[in-house]
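Listed here are the chains, written in short residue letters.
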Amino acid sequence: MPLKLTINNVVATVDVPPDMPLLWVLRDILNLKGAKYGCGMGVCGACTVLADGHPIRSCMTHVSAVAGQAITTIEGLSPDGLHPVQVAWEALDVPQCGYCQAGQIMSATALLAHTPHPTDADIDSAMSGNLCRCGTYPRIRQAIHQAAQAGQAAKAGASARKS
């Protein structure tokens, strides 16, 4: 039975088994390669995408479980790559090998959407399920703080323009 999915604001109909992992639908059916296969058990975070704004592990999520939800992948985060998290990641040279970074960025984006002024403890808690073999955790934390400041500055600028 075909399933309708909304991926990066585009409705797609896929004819796949309902228990197929979302990761394989994204990568093999829809050709969205940003989410990576890491562990296949939902513990490394390389496959993280957002479902209705919440981070999920696409390697463990059946495609039928997200039908009707808005799925956002790294490809859909910002068409021009100028999302505050992406800008901070680039400015601080966060990635080393880069394999985990799509999942890291998606988790950081969800954190900032729900906690716009995160503490180090908030960041550590939200990011604890995303593993980085290269150990760039200090730069990841710094980038999240920088993205939070950029988001605050953008909101302040928007408020000033409305006045």
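Residues numbered from 1 in each chain as written. Predicted model: local features only at pLDDT ≥ 70, side-chain atom pairs only at ≥ 80, totals over all residues. Heavy atoms only, no water.

**Student:** Describe the overall build of the chain, and please don't skip the residues or the numbers.
**Tutor:** Across its full length, the chain carries six helices and five strands. In summary, the chain has a C-alpha radius of gyration of 16 Å against a globular reference of 15 Å for 163 residues, a match within 12%. Out of the 163 residues in the chain, the part that is buried amounts to 40%. The long-range fraction of contacts in the chain, counting pairs at least 24 apart against all pairs at least 6 apart in sequence, stands at 56%. As displayed, the chain has an accessible area near 8600 Å², and 56% of this comes from carbon and sulfur atoms. Charge centroids of the chain, computed over 11 positive and 11 negative side chains, lie 3 Å from each other. (Helix = DSSP H or I, 4+ residues; strand = E, 2+ residues; numbered from the N terminus. Rg over C-alpha atoms; globule rule 2.2 N^0.38 Å. Buried < 20%, exposed > 50% of the residue type's maximum accessible area, 1.4 Å probe, protein only. Contact = heavy atoms within 4.5 Å. Areas by Shrake-Rupley, 256 points an atom, 1.4 Å probe, with all protein chains shown as cover. Lys, Arg positive; Asp, Glu negative; His and termini not counted. Charge placed at Lys NZ, Arg CZ, Asp CG, Glu CD.)

**Student:** Break down the packing of helix H3 (residues 84–91) against helix H4 (residues 101–114) for me, citing the residues and quoting the values.
**Tutor:** One way to put it is that H3 packs onto H4 with a least axis distance of 9 Å and a crossing angle of 130°. When the axes of H3 and H4 are compared, the pair comes out oblique. Viewed along their axes, H3 and H4 form a crossing whose handedness is right-handed. Contact residues: H3 offers Val85, Gln86 and Trp89, while H4 offers Gln101, Gln104, Ile105, Ala108, Thr109 and Leu112. (Axes fitted to C-alpha atoms, helices over the stretch in contact; angles between N-to-C directions. Parallel < 35°, antiparallel > 145°, perpendicular 65-115°, else oblique. Left-handed = near helix turned anticlockwise from the far one by under 90°.)

**Student:** So, H3: which residues are in play, and what are the values?
**Tutor:** Buried residues of H3: Val85, Gln86, Ala88 and Trp89, and no others. Looking down the long axis of H3, one finds its buried residues gathered within 165° of arc, a one-sided arrangement. Residues of H3 that are exposed and point more than 90 degrees away from the buried face comprise Glu90 and Ala91. (Arc of directions from axis to C-beta.)

**Student:** Talk me through the nonpolar core; I want residue IDs and the actual numbers.
**Tutor:** Grouped burial of nonpolar side chains is what soluble globular proteins tend to show. Within the largest apolar cluster, 22 residues are counted, with the highest numbers of intra-cluster contacts made by Val85, Trp89 and Ile144. Counting residues per element, this core draws most heavily on H4, at seven residues. Each residue touching Ile144, except ones within four places of it in the same chain, is listed here: Trp89, Ala108, Leu111, Leu112, Pro118, Ile123 and Met127. (Core = buried A, V, L, I, M, F, W, Y, C linked by side-chain atoms within 4.5 Å.)

**Student:** How would you explain the sheet that holds strand E5 (residues 70–72) if you had to name every residue and give the values?
**Tutor:** Read across the open sheet, the five strands follow the order E2-E1-E5-E3-E4; overall the sheet is mixed. With one partner strand each, in any of the chains shown, strand E2 (10–14) and strand E4 (54–57) form the two edges of the open sheet. Pairwise comparison of adjacent strand axes, ignoring direction, gives a mean angle of 40° for this sheet. Bridge count for strand E3 (residues 48–51) against E4 is four bridges, and the pairing is antiparallel. Among the inter-strand pairings, Thr48 is bridged to a residue of E4, identified as Arg57. Strands E3, E4 and E5 of the sheet are contacted by H4, whose axis makes an angle of about 35° with E3. (Pairing = 2+ DSSP bridges.)

**Student:** Give a description of the pattern of salt bridges that names residues and reports values.
**Tutor:** For the structure on display, the rule yields two salt bridges. In this structure, Arg141 and Asp124 form a salt bridge, with 2.7 Å as the shortest nitrogen-oxygen distance. Of this pair, Arg141 sits in helix H6 (residues 137–162) while Asp124 sits in helix H5 (residues 120–127), placing them 17 residues apart in sequence. A relative accessible area of 29% means that Arg141 is categorised as partly exposed. You can call Asp124 partly exposed: its relative accessible area is 39%. (Salt bridge = Lys/Arg side-chain N within 4 Å of Asp/Glu carboxyl O.)

**Student:** Mind laying out the environment of Ile105, listing which residues take part and the relevant values?
**Tutor:** Along the chain, Ile105 turns up in helix H4. Setting aside anything within four residues of it in sequence, one finds Ile105 in contact with Ile74, Leu77, Val85, Gln86 and Trp89.

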